[in-house]
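Here is what each chain is made of, one letter per residue.
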Amino acid sequence: MSSASIGGPGSAPVAEVSTATSGPAAGAGPILRVADLARQYGGVRAVDGVSFELQPGTITGIIGPNGAGKSTVLTVVSGFISPTAGTIEFLGKDVTRLPMHRRAQMGLVRTFQIARVFEGLTAIENLMVAVPQQKSLTVKGLLGGKRYWQSEEKEILERAWALMTTFGMADKANEKAGRLSGGQRRAVEIMRALMMRPKLLLVDEPMAGLNPKLTRELEEVFLTLRQQGLSILIIEHELDTVERICSEVLVMAWGKVIARGEMAELRTRKEVQDAYVVG
Amino acid sequence: MSGVANLAYIVVIAAGAYTYGILTLGPDTGNGGFQQYVLGYRLPFFLAVIAAAVVGAVVGVLIGVTGLKRIRQDYQAMVMLVISIMAATVIGAAPSFLGGEPGLSLIPNPFANLSPATGDWAYVAMVAFACVIGYLVMRRFTSGPMGRALRAMRDDEHAAAAMGFSVIKMRLLTQAVGGAFGGVSGALLVAFIGGWSPGAWAYVETLALLTAVIVGGMGNDFGVSLGTFVIAVLLLQGVQFLPQIRSHTGLTEAIGWMTLGLMTIAFLWLRPQGVFRERRPRYGQPAVGNAAGGEVAEGHS
Amino acid sequence: MHLLVQSIGFGVAAGAVLSLGAVGFTLQFGISNVLNISYGSLMSVGAFLGLFMLGLGLNIWLVMVIGGLAVGACSVVLNRGLITPLVRKGMAPFGLVIVTVSAGIVLEYVIVAVAGPATQTYGNRSGATLNFLGWTLTTAQVVIFAIAVVLMLGLHLLLTRTQLGRAMRATSANRTLARSCGIATSRISDIAWFMSGTFCGMAGIALAITIESFDFTLGSIFLIPMIAAAVLGGVGQPYGAMIGGLVVGIVSSVSSAYWDPAYQSVVAFGIIIVMLLVRPRGLFGSATATRKLLA
């Protein structure tokens, strides 16, 4: 495993990968607005009346003890499960009832807590498949054959290679994804999400299981992406990471948001310390 | 093809065969009323084959709908088996619909006006032609971006949906295409053998299809084609040339099926990927400007 | 009205055989977590073993016991020789279904190779006709019903009153946990396969007694109502399968009295599909069962 690195040789070129479309739309409202969100499992209220807004081009963290409902919020926002109450607005449009794949097409993209790659595909195929509305997948594309989608396919391949290179994984491109290490899988998953040109990225504990060096490199990746206009909602246990990259932090406990603000300030607050023993 | 365990595929083939039969046989009063069935058109060969493809696709989608519910793989497989057994039972029990248990017979052969020998060869040529067309159509789905998307969906449906794929739509699409193939193959089969009844598609026939796929290697077109050929020619026909063993009639057939079953188990045990592995396309680095380093990652294993 | 009463009586009699088979099927699934499609073929093996022993002049009920035990032994061999090694190799559930389908077909054609494909019969063994609560039943039907009831009671006592039964239920609920509590789960599994096979063989012979004639496909045809009974009661739930068997028996018997008997198995088929699509855990299934079934 020569390339245990995510930033790769010379971590700078992440900036070359233009991911988000055109940066934050000036004067536009919040990119995501969640109001009174609730989700029950049987009799358990996993999420109980959560409201928040995300501004374009920001990184927002969700922290809280185990079982606070953090992952459930993320899962409901992504559309993987539907809420029992509340509304979700994405880019000013009500998406509460839209299925997950429609939200993903709008630019609301998630990664999974345990990185999920398509194990039977190679690393680069994992990236190339992440363009759901490519011409080759339409009836027209099937009938028209290669000539119809060739140029688009070439562009997808180029973008995938550019990402692979900046993440320092070019030598793993044709490796079967099922054989990659944990850190490499996570990298593939994040690159795959970036292939979709997301506007809002939902990431669930991306640093879990990564060594400190990789963690710092991934932080750099997220910061660079934010500069390019991408918004990120991140669940993270590692509070130092949260402090370094998040502009705003939501603290959750018992299915509710019990505090919000900047990490440095939150550390001093009594109610946060009570709910969540801060190191 | 889409990772859905389709143990009811034989139903699709049967649907194609029946469609072809009732569309070419002519009215059931025409031949002395010894068999009964619905419709009774005398359509030309190609129209009937196309109709068989359409019916096959529809039946394929209907079967696919039952597979949409997220239940365990093996449970789903069981449902499919039950569907295939039941379809045969229901049609066998309704004599006036599709000929019931005795089935349909005297289905016209498109080359009936040639001499038997020439007719047979013409038929072989036509089937070979159909296979080539089928293989080319199949390549459209299994190679390139479409194949990539289908394999991704097979590996992890949830992740595929998280990436914006409509899993339901793609599943039903593959079911429809698979169904159309089954329909055509049923039509070609029945046009050649001239008769069709529930006994011709008992669930053991499903095993033959499965063996072909498993031996050839799931996910490799060439492997599956070869597997089908080997199974069909060597096992099911080949046993007829074994020296007849005197004791009783069913023995040679029994040996054929037993070999088939043992072969499936042996392959699943010893070489589950089949003779030919699934091919994974390799992508070289495109030769465009800004790619830093320019190192080409080809030639790894 | 008389028709209804009478068809319910037949349904109960048929349901007893169904329950026997379904309980065996579900018991083995609950404990080893493998759907055994070759179960039907094992049933045919039982029926043909019975035929052979009747040819030796043995008493029919003795034949039923010996045949059951013999099929139980076959079932253990199947588990030890084929299923367990494949599970250890990490084969996916779908692969295991194909393996059991294949094994079932091999078994069926072993029967054909040995006994031939012809239709067989045990002869008329129904005995005197009895009238009871307005039902007209044969002695054989009544005896089979009694045997089924005794076996079910025995199973109930085994599961609830003995250490072995507790170990079986523990294994069924959570195999890993059971193993870490010192239960030899592979031995429990063997016992489950043996009991399942025994029920299967006895059901096969009972079925052969009650119907006029049969061939090597006897069991695989009967598999559908058995699966329906097991699914109705919640797969892996022995008590569910007992009740499921009676319900499926009565429903198909009544429906064939009023409708074309050829469609009898369609009722079973409908039950399977509806249950799996609407309530896969079955009528009596627990939340644990649901977690097992949903992918």
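Worth saying up front: this structure is predicted, and the values here are computed from it rather than measured.

Secondary structure assignment for chain C yields 12 helices and two strands. In terms of C-alpha radius of gyration, chain C reaches 18 Å, essentially the compact-globule figure of 19 Å for 295 residues. Projected onto its principal axes, the C-alpha coordinates of chain C cover approximately 55 × 40 × 35 Å. When each of the 295 residues of chain C is scored for burial, the buried share is 56%. Counting 14 positive and 5 negative side-chain charges, chain C places the centres of these two groups 26 Å from one another.

We now examine the overall build of chain B. A count of helices and strands for chain B gives 11 helices and zero strands. Out of the 301 residues in chain B, the part that is buried amounts to 49%. Taking contacts inside chain B between residues at least 6 apart in sequence as the whole, the part at least 24 apart equals 73%. For chain B, the computed accessible surface area is about 13,700 Å², with 69% contributed by carbon and sulfur atoms.

All names here are of chain C. Taken together, the side chains of Phe 52, Leu 56, Leu 58, Leu 62, Val 65, Ile 66, Leu 69 and Phe 194 present a nonpolar region at the surface, about 700 Å² in accessible area. Counting residues per element, the nonpolar patch draws most heavily on helix H3 (residues 60–88), at four residues. Here Phe 52 lies in helix H2 (residues 39–55).

Facing 34 residues of chain B, the contacting portion of chain A comprises 41 residues. Around 3,500 Å² of area is buried between chain B and chain A when both sides are counted, 62% of it from carbon and sulfur atoms. Linking chain B with chain A are three salt bridges, by the criterion used here. Viewed at the interface, chain A and chain B are joined by seven residue pairs in polar contact (both at pLDDT 80 or more). Among the elements that line the side of chain B that touches chain A, the one with the most residues is helix H6 (residues 144–155) of chain B, at seven residues. Broken down by class, the residue content of the side of chain B that touches chain A amounts to 17 nonpolar, eight polar and nine charged.

Residues and elements named next belong to chain A. The strand order S6-S7-S8-S3-S9-S10 describes an open sheet built from six strands, whose pairing is mixed. Each edge of the open sheet is held by one strand with a lone partner, namely strand S6 (108–110) and strand S10 (256–261). The mean inter-strand angle of the sheet, taken between neighbouring strand axes irrespective of direction, is 20°. Looking at chain direction, strand S9 (residues 248–253) and S10 are connected through five bridges and run antiparallel. Among the inter-strand pairings, Val 249 is bridged to a residue of S10, identified as Gly 261.

Our focus in this paragraph is the side chain of A:Asn126. All names here are of chain A. Relative to the helices and strands, Asn 126 is located in helix H3 (residues 123–128). A distance of 2.9 Å separates a polar side-chain atom of Asn 126 from the backbone nitrogen of Phe 118. Among the polar contacts listed, one links the side chain of Asn 126 to the side chain of Arg 192, at a separation of 3.3 Å. Among residues more than four places away in sequence, those in contact with Asn 126 are Val 117, Phe 118, Leu 121, Ala 177, Val 188 and Arg 192.

Another point: the pattern of salt bridges. Summed over the entire model, instances satisfying the criterion amount to 20 salt bridges over all chains. A salt bridge links A:Glu219 to A:Arg216; its shortest N-O distance comes to 3.6 Å. Taken together, the residues A:Glu219 and A:Arg216, both in helix H7 (residues 212–227) and three residues apart, mark about one turn of the helix. Its salt-bridge partner being B:Arg171, residue B:Glu157 comes within 2.5 Å of it at the nearest N-O pair. With B:Glu157 in helix H7 (residues 157–162) and B:Arg171 in helix H8 (residues 167–193), the pair connects residues that are 14 residues apart, well separated along the chain. The exposure class assigned to B:Glu157 is partly exposed, which follows from its relative accessible area of 24%. Counted as one network, the salt bridges with shared partners bring together A:Arg33, A:Glu53 and A:Glu89.

The next thing to look at is the sheet that holds strand S2 (residues 44–54) of chain A. Backbone-to-backbone hydrogen bonds pair the strands of a sheet. The strands run either parallel or antiparallel. Residues and elements named next belong to chain A. Taken together, four strands build an open sheet; the order of strands is S2-S1-S4-S5 and the sheet is antiparallel. Of all strands in the sheet, those with a lone pairing partner are S2 and strand S5 (93–94), marking the two edges. Bridge count for strand S1 (residues 32–41) against S2 is eight bridges, and the pairing is antiparallel. The residue of S2 that forms the bridge with Gln 40 is Arg 45. The sheet strands contacting helix H1 (residues 70–78) are S1, S2 and strand S4 (85–90), and the helix crosses S1 at an angle near 115°.

Counted at 1.5 Å a residue, the expected span for helix H5 (residues 146–166) of chain A with its 21 residues is 30 Å, and the 29 Å between its end C-alpha atoms agrees. Largest kink in H5(A): about 30°, centred on A:Glu152. Buried within H5(A) are the following residues: A:Trp149, A:Glu152, A:Glu153, A:Ile156, A:Leu157, A:Arg159, A:Ala160, A:Trp161, A:Leu163, A:Met164, A:Thr165 and A:Thr166. For H5(A), the secondary structure elements touched by its buried residues are H3, helix H4 (139–144) and helix H6 (182–195) of chain A together with H6 of chain B.

What follows concerns the confidence of the model for chain B. Residue and element names in this part refer to chain B. With 61% of its residues at a pLDDT of at least 70, chain B reaches an overall mean of 71. Mean pLDDT per element in chain B: helix H10 (residues 221–237) is the minimum at 61, and helix H2 (residues 45–66) is the maximum at 83. Note that residues 1–5 has pLDDT below 50 and, in this model, 13 contacts with residues that lie over four places away or in other chains. Segment residues 288–301 is flagged for pLDDT under 50; beyond a separation of four residues in sequence, or across chains, it makes 21 contacts in the model.

Residues and elements named next belong to chain C. One way to put it is that H3 packs onto helix H8 (residues 185–210) with a least axis distance of 6 Å and a crossing angle of 140°. Comparing their axes, H8 and H3 come out oblique. Here the hand of the crossing between H3 and H8 comes out right-handed.

Take the interface of chain C and chain B next. If you look at the interface, chain C gives 50 residues, while chain B gives 41 residues. Taken together, both faces of the contact between chain C and chain B bury some 4,100 Å²; the carbon and sulfur share is 79%. Summed over the three residues of chain C that lose the most area to chain B, namely C:Phe94, C:Ile105 and C:Tyr109, the buried surface amounts to 15% of that side. Scanning the region where chain C abuts chain B turns up zero salt bridges. Here chain C and chain B share one residue pair in polar contact (both at pLDDT 80 or more) between them. Within the residue set of the side of chain C that touches chain B, elements represented by two or more residues are H3, helix H4 (93–115), helix H9 (218–233), helix H11 (264–278) and helix H12 (287–293) of chain C. Counting residues per element, the side of chain C that touches chain B draws most heavily on H4(C), which supplies 17 residues.

With that settled, the discussion passes to the packing of aromatic side chains. According to the stated counting rule, one finds six aromatic pairs over all chains in the structure shown. Centroid distance C:Tyr109 to C:Phe216: 5.4 Å. Interplanar angle 55°. Geometry classified as tilted. Taken together, the positions of C:Tyr109 in helix H4 and C:Phe216 in the loop between H8 and H9 put the pair 107 residues apart, joining distant regions of the chain. Note on accessibility: C:Tyr109 and C:Phe216 belong to one class, buried. The rings of B:Trp257, C:Tyr109 and C:Phe216 are connected pair by pair, giving a single aromatic cluster. Above the plane of the ring of A:Phe80 lies A:Arg110, whose end atom (NZ or CZ) is 5.5 Å from the centre. When the ring centre of A:Phe112 is taken as reference, the NZ or CZ atom of A:Arg116 above it lies at 4.4 Å.

Definitions and cut-offs
- Residues numbered from 1 in each chain as written.
- Chains lettered and ligands numbered in written order.
- Predicted model: local features only at pLDDT ≥ 70, side-chain atom pairs only at ≥ 80, totals over all residues.
- Heavy atoms only, no water.
- Helix = DSSP H or I, 4+ residues; strand = E, 2+ residues; numbered from the N terminus.
- Rg over C-alpha atoms; globule rule 2.2 N^0.38 Å.
- Buried < 20%, exposed > 50% of the residue type's maximum accessible area, 1.4 Å probe, protein only.
- Lys, Arg positive; Asp, Glu negative; His and termini not counted.
- Charge placed at Lys NZ, Arg CZ, Asp CG, Glu CD.
- Contact = heavy atoms within 4.5 Å.
- Areas by Shrake-Rupley, 256 points an atom, 1.4 Å probe, with all protein chains shown as cover.
- Patch = residues over 30% accessible without salt bridge, like charges linked within 9 Å, V, L, I, M, F, W, Y side chains within 5 Å.
- Salt bridge = Lys/Arg side-chain N within 4 Å of Asp/Glu carboxyl O.
- Buried area = accessible area lost by both parts, 1.4 Å probe.
- Polar contact = N/O pair within 3.5 Å; in protein donor to acceptor, adjacent residues only side chain to side chain.
- Nonpolar A, V, L, I, M, F, W, Y, C, P; charged D, E, K, R; others polar.
- Pairing = 2+ DSSP bridges.
- Axes fitted to C-alpha atoms, helices over the stretch in contact; angles between N-to-C directions.
- Expected span 1.5 Å × (residues − 1).
- Bend = angle between axes of the 7 residues up to and from the residue.
- pLDDT = per-residue confidence, 0-100.
- Parallel < 35°, antiparallel > 145°, perpendicular 65-115°, else oblique.
- Left-handed = near helix turned anticlockwise from the far one by under 90°.
- Phe/Tyr/Trp six-rings, centres within 6.5 Å; stacked < 30°, edge-to-face > 60°.
- Lys NZ or Arg CZ within 6 Å of the ring centre and 35° of its normal.

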